[in-house]
Amino acid sequence: MTLGIPYVLGLPYGQWLSEHRAEVIGHVQEHILLAVYTIIIASVLGLLISLAVYRRVSISTVTISLAATGFTLPSVALFGILFSLVGGSLLAIFPPLVLYALLPIVRNSIVGLQNVDPNILDAARGMGMGRFRMLWQIELPMAWPVIVAGLRVSTQLTVGIVTIAAFVKGIGMGVYAFDALDNLGSTNTGNEAITCVIFVIAIALVFDAIWVVIRRLTTPRGSHA
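On a predicted model such as this, the values are computed, not experimentally measured, just so you know.

Enquirer: Residues and numbers for the side chain of Asn188, please.
Expert: Here Asn188 shows up in the loop between helix 8 (174-182) and helix 9 (189-218). Given the relative accessible area of 15%, Asn188 is considered buried. In this structure the side chain of Asn188 is engaged in a polar contact, spanning 2.9 Å, whose partner is the backbone nitrogen of Leu11.

Below, the structure is given as structure tokens:
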């Protein structure tokens, strides 16, 4: 007994999981899709922002600071505000998720692009390379390992924050976490909480492994950190 509330595990975990297999698979798929869509949107937006500002140190510093400020906003409060404006639709979910995913992408992209060896860029200019060609053939390939590192961190953050999105709309693995909290001490709430934790960790590990493979396949020789 904890705080006067009896803890009841209910069915053995393996049996509970077997009986709820289809439901769990459905929520896992929802969680993965939400994370994938968020990362795609945040990646495109973050890279475009970084490419627009990285050449100017003062502007890029302000951009990173703004992204960091957005990251500090309380997620539950932000979801709640959007829910009050647009209801329980995906429009109340994606803006906060993308906002939280931006910081690692923007920061790493700007830092990676700004840290390209200036001597190499000077040599490229001397060979008559234009700005776009230098960006595509020199700056982006050299900054890519740092950019991918930001994408990996952003993905891990997104997988975790997607769990909180169930606060607004009953999708993803967060459904089990909030249901367990709402019915604390009831039968099988322990199984629900365990399911949320195990599968969110598993999803995060799978995504991280995918980024490791992408990095190895796409990083130019000699650029591996």
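What follows picks up the thread again.
Enquirer: Lay out the nonpolar core with the relevant residues and their values.
Expert: In terms of nonpolar packing, the biggest core is built from 26 residues, with Phe79, Ile93, Val159 and Met173 touching the most fellow members. Elements with a minimum of two residues in this core: helix 2 (21-53), helix 4 (75-86), helix 5 (94-114), helix 7 (131-164) and helix 9. At five residues, the largest contribution of residues to this core is made by helix 9. The contacts of Phe79, once residues within four sequence positions are left out, are Ala92, Ile93, Pro96, Leu97, Ile161, Ile164, Ala165, Phe167 and Val168. Membership of the second largest hydrophobic core comes to 17 residues, among which are Ile39, Val53, Ala101 and Ile105.

Enquirer: Which residues make up the pattern of salt bridges, and what values do they have?
Expert: Per the counting criterion, the structure on display carries three salt bridges. Salt-bridge contacts for Asp122 lead to Arg125; the nearest nitrogen and oxygen are separated by 2.7 Å. You can see Asp122 and its partner Arg125 sitting in helix 6 (residues 118-126), three residues apart, about one turn around the helix. The class for Asp122 is partly exposed, based on a relative accessible area of 42%.

Enquirer: Tell me about the packing of aromatic side chains, residues and numbers included.
Expert: Two aromatic rings are characterised by how far apart their centres lie and by the angle between their planes. As enumerated under the stated definition, the model contains four aromatic pairs in all. Geometrically, the ring pair formed by Tyr13 and Trp16 is stacked, given 6.3 Å between the ring centres and 20 degrees between the ring planes. Taken as a pair, Tyr13 and Trp16 lie in helix 1 (residues 13-19) at a separation of three residues, close to a single helical turn. For Tyr13, a relative accessible area of 23% corresponds to the partly exposed category.

Enquirer: Mind laying out the confidence of the model for the chain, listing which residues take part and the relevant values?
Expert: Looking at the chain as a whole, the pLDDT averages 89, with 93% of positions reaching at least 70. Here residues 1-8 is modelled with pLDDT under 50, and outside its nearest four sequence neighbours on either side it reaches nine contacts, counting other chains as well.

Enquirer: Tell me about the packing of helix 2 against helix 8, residues and numbers included.
Expert: Taken N-terminus to C-terminus, the directions of helix 2 and helix 8 make an angle of 115 degrees; their axes are 9 Å apart at the nearest point. Residue-level inspection shows Glu23, Val24, His27 and His31 of helix 2 in contact with helix 8, the latter providing Gly174, Val175 and Tyr176. The residue inventory of the contact of helix 2 with helix 8, partitioned by class, reads three nonpolar, three polar and one charged.

Enquirer: Please set out the side chain of Glu192 residue by residue, giving values where relevant.
Expert: One can find Glu192 in helix 9. Ignoring any residue separated from it by four or fewer positions in sequence, one finds Glu192 in contact with Trp16, Tyr176, Asp179 and Ala180.

What counts, and where the lines are drawn
Residues numbered from 1 in each chain as written. Predicted model: local features only at pLDDT ≥ 70, side-chain atom pairs only at ≥ 80, totals over all residues. Heavy atoms only, no water. Helix = DSSP H or I, 4+ residues; strand = E, 2+ residues; numbered from the N terminus. Buried < 20%, exposed > 50% of the residue type's maximum accessible area, 1.4 Å probe, protein only. Polar contact = N/O pair within 3.5 Å; in protein donor to acceptor, adjacent residues only side chain to side chain. Core = buried A, V, L, I, M, F, W, Y, C linked by side-chain atoms within 4.5 Å. Contact = heavy atoms within 4.5 Å. Salt bridge = Lys/Arg side-chain N within 4 Å of Asp/Glu carboxyl O. Phe/Tyr/Trp six-rings, centres within 6.5 Å; stacked < 30°, edge-to-face > 60°. pLDDT = per-residue confidence, 0-100. Axes fitted to C-alpha atoms, helices over the stretch in contact; angles between N-to-C directions. Nonpolar A, V, L, I, M, F, W, Y, C, P; charged D, E, K, R; others polar.

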